Amino acid sequence: MAMYAVKTTASQERTVADMIINREEPEIHAALAPDSLTSYVMVEADNDAVISRVLEEIPHARSMVPGASDISEVEHFLSPTPDVEGIAEGDIVELIAGPFKGEKAQVQRIDEGKDQVTVELYEATVPIPVTVRGDQIRVLDSEER
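Bear in mind that the values here come from a model prediction, so they are computed numbers and not experimental data. (Residues numbered from 1 in each chain as written. Predicted model: local features only at pLDDT ≥ 70, side-chain atom pairs only at ≥ 80, totals over all residues. Heavy atoms only, no water.)

1. So, the pattern of salt bridges
And step 1. In total, this model carries 7 salt bridges according to the counting rule given.
And step 2. One salt bridge connects D35 with R14, and the closest N-O pair in it is separated by 3.5 Å. Of this pair, D35 sits in the loop between strand 2 (28-32) and strand 3 (40-45) while R14 is found in helix 1 (residues 13-22), placing the two residues 21 residues apart along the sequence. The same class applies to D35 and to R14, which are both exposed.
And step 3. For R23, the salt bridge is made with E57, and the minimal N-O distance between the two is 3.1 Å. Pair noted here: R23 is in the loop between helix 1 and strand 2 and E57 is in the loop between helix 2 (48-55) and strand 4 (61-64), with a separation of 34 residues, a long-range link.
And step 4. Looking at R23, the relative accessible area reads 30%, which means it is partly exposed.
And step 5. Three or more residues are tied together by salt bridges with common partners; here these are R23, E25, E27, R53 and E57. (Salt bridge = Lys/Arg side-chain N within 4 Å of Asp/Glu carboxyl O. Helix = DSSP H or I, 4+ residues; strand = E, 2+ residues; numbered from the N terminus. Buried < 20%, exposed > 50% of the residue type's maximum accessible area, 1.4 Å probe, protein only.)

In structure tokens form, the structure reads like this:
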């Protein structure tokens, strides 16, 4: 069993993956359309012949990349990345959700385990630490960049 890359029309990756799986071919085991991989779908199958046969009948599927990939090459697409990844203490962020939406703040502490960030609001008269989820902030200015 190996992974094969299928070239698709841009923005049609999920459609192609769904169509491949809906064919219910016994030799095809999985289809993966990661958001970070544009114009490609990864297909797990017993051999490339079955994929070539299926692709002939699927619109938006362009071609198959020659050669097989190992599962280790696509493993990083399977595990979700935490929302706080790429955020550092001291970064200037904007809150994009919650009661302080639109406020600017500075990152004080990052809790990767809980995927939370403690920030201090800029415009506040008294500095108040506010803990928010990682998906509720957007980095405006980073000290590292």
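2. Quick word on the packing of aromatic side chains
A ring pair, where both rings are aromatic, is described by two values, the distance of the centres and the angle of the planes.
And step 1. A complete count under the given rule lists 0 aromatic pairs for this structure.
And step 2. The ring of Y40 is capped by K7, whose NZ or CZ atom sits 5.1 Å from the centre of that ring. (Phe/Tyr/Trp six-rings, centres within 6.5 Å; stacked < 30°, edge-to-face > 60°. Lys NZ or Arg CZ within 6 Å of the ring centre and 35° of its normal.)

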